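Spelled out from the first residue to the last, the chains are:
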Amino acid sequence: MKEYDEYGFLQAVLEIPSVNGADDEGAVARFLCDFLRDCGVDSQVIPIDDSHADVIANIKGESEDLVVLNGHLDTVPYGKREEWDTPPERCVRKNNRFYARGASDMKSGLAAMVYVLGTMVKAGCSPRMNLCFMGTCDEEKGGLGARKILQENRMPQPSLLLIGEPTGLKPGVAQKGCMWIELTVDGVTSHGAYPDEGINAVEYGMDIAREFKEKIGSHSHGILGTATVQVTKIQGGIAPNMTPDRAEIFMDVRTVPGMEPEDVVKMLEDVCSRRFKRCPGRGGYHYNVVNQRRAIEIEGSHPWVAEFDEVLKQMGLSTQRVGINYFTDASILTEYNHSMPVLLLGPGEPSLCHKPNEYVELEKYSKYVYIMKKVFFTSFEND
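Residues numbered from 1 in each chain as written. Predicted model: local features only at pLDDT ≥ 70, side-chain atom pairs only at ≥ 80, totals over all residues. Heavy atoms only, no water.

Per an unreviewed UniProt entry, the protein is named Putative succinyl-diaminopimelate desuccinylase, and its organism is Enterocloster bolteae.

For the packing of aromatic side chains, give the residues involved together with the corresponding values.
Scanning the model with the defined rule gives 13 aromatic pairs in all. Aromatic side chains Tyr4 and Phe9 sit 5.8 Å apart centroid to centroid with 75 degrees between the ring planes, which places their arrangement in the edge-to-face category. A relative accessible area of 18% places Tyr4 in the buried class. A centroid spacing of 6.1 Å and a plane angle of 45 degrees characterise the contact between Trp304 and Phe376, whose relative ring orientation is tilted. Highlighted residues: Trp304 in helix H7 (residues 303-314) and Phe376 in helix H9 (residues 362-376), separated in sequence by 72 residues. (Phe/Tyr/Trp six-rings, centres within 6.5 Å; stacked < 30°, edge-to-face > 60°. Buried < 20%, exposed > 50% of the residue type's maximum accessible area, 1.4 Å probe, protein only. Helix = DSSP H or I, 4+ residues; strand = E, 2+ residues; numbered from the N terminus.)

If you had to explain the domain arrangement of the protein to someone new, which residues and values would you point to?
Taken domain by domain, the protein comprises domain 1 (4-173 + 294-374) and domain 2 (176-291). Computed from C-alpha atoms alone, the centre-to-centre distance between domain 1 and domain 2 is 37 Å. Taken together, the 12 residues of domain 1 in the interface contact 13 residues of domain 2. Buried surface at the junction of domain 1 and domain 2, both sides included, amounts to about 1000 Å², of which 57% is carbon and sulfur. For the domain 1 face of the interface with domain 2, the top three residues by lost area are Ala295, Asn325 and Phe327, together amounting to 48%. (Domains from an automatic or database assignment. Contact = heavy atoms within 4.5 Å. Buried area = accessible area lost by both parts, 1.4 Å probe.)

Which residues make up the sheet that holds strand E4 (residues 92-94), and what are the values?
In spatial order, the strands read E4-E5-E18; together these three strands make up an open sheet with antiparallel pairing. Two strands close off the open sheet at either side, each with one partner strand: E4 and strand E18 (359-361). In this sheet, neighbouring strand axes are inclined to one another by 25 degrees on average, regardless of whether the strands run parallel or antiparallel. One ladder, built from three bridges, connects strand E5 (residues 97-99) with E18; its direction is antiparallel. Along E18, the bridge assignment pairs Tyr99 with Tyr359. (Pairing = 2+ DSSP bridges. Axes fitted to C-alpha atoms, helices over the stretch in contact; angles between N-to-C directions.)

Outline the layout of surface pockets, listing residues and values.
Considering only enclosed or pocket space, the largest pocket measures out at about 250 Å³ in volume. Lining the largest pocket are 14 residues, with Asp105, Glu140, Tyr326, Phe327 and His354 sitting closest to its centre. Residue composition of the lining of the largest pocket, by class: five nonpolar, three polar and six charged. (1 Å grid on protein atoms, 1.4 Å probe; cavity = no way out; pocket = protein on both sides within 12 Å on 5 of 7 lines; lining within 4 Å. Points joined across faces, edges and corners; volume = space filled by probe spheres on them. Nonpolar A, V, L, I, M, F, W, Y, C, P; charged D, E, K, R; others polar.)

Here is the structure:
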């Protein structure tokens with residue numbers, strides 16, 4: 001494999017198409033694996049199907065402590081190309097930035113992790129502790145890659161799970177959970193002129209969603225703010241002059257730490273059952289949870305947070321705690337160990353995720369490379 005500097009490596013990763021649902025995400029896994037192997041790192045590709053694969057690498061350290069580094073291989077679609085000033089599938093450098101889909105979310109964090117691991121091992125440097133890198137596919141949708149790791153019992157019990165999601169180099173100590181709920185409300189049809197003879201499933205469904213939103217919104221977090229519910233899809237009705245006897249409502253629920261999925265389900269059940277007690281024997285409801293991701297939080301006083309704080313302070317960077325409202329693979333990778341410490345830290349900007357003209361500042365990318373070396377390799381010295 002050709003030699004890369006830190007920017008050239010990032011450019012190469014950005015120019016491997018890995019749009020979720022459209023491209024072969026395994027191509028990124030194979031590229032990263034080949035690079036690591038060429039550097040002398042024990043690594044392997046874990047195939048899932050024709051377009052999905054993970055990459056896992058392990059490096060023996062000077063102590064038996066273990067840290068897992070994680071980044072996802074996929075990106076979201078480009079969106080409307082006319083809204084981009086540069087080709088989204090190409091890496092274009094201007095104004096000391098790299099523009100491309102995935103530049104912030106999160107190929108810059110992914111590439112930096114792999115580049116540091118490979119080049120440091122190639123230079124003969126040993127990490128302070130055992131390191132395990134996991135590049136996971138399909139994070140932007142169902143989390144196939146993270147699920148594969150759990151299914152094959154490849155997830156160890158580390159002292160830290162570090163995820164390179166975009167945080168603008170600020171310590172990300174919390175992330176919201178997510179649940180997608182399909183609610184179906186069954187009513188009773190009647191002539192539109194006699195609404196009292198029927199049960200309007202659409203109106204009942206809207207009332208349920210409204211009350212459910214209020215209940216969820218009563219929960220908040222000091223960094224993440226308020227838990228939210230948003231109706232993202234609704235379908236119902238038969239004809240303009242008929243009472244709707246069925247409504248299908250899709251809700252996106254974003255939870256904060258302290259809210260467990262079973263708590264959310266109970267809140268929805270309470271609202272639904274109370275609504276339909278008013279009309280026993282007529283109408284009903286059922287729901288299905290089609291996505292379930294836990295909220296994650298690490299204590300601000302945790303030793304690993306303090307470790308990163310120290311390096312950030314030395315570099316003159318902010319140690320302000322931040323959180324993210326979207327889910328990451330941490331919600332899957334910690335399913336069997338809810339107490340696993342998770343820290344989010346990456347060079348990208350969360351405000352640029354999924355938008356046209358996505359970019360990463362090269363200065364922040366270089367600083368992230370430095371941070372990875374400084375934190376994990378004792379033999380690293382800044383020239």
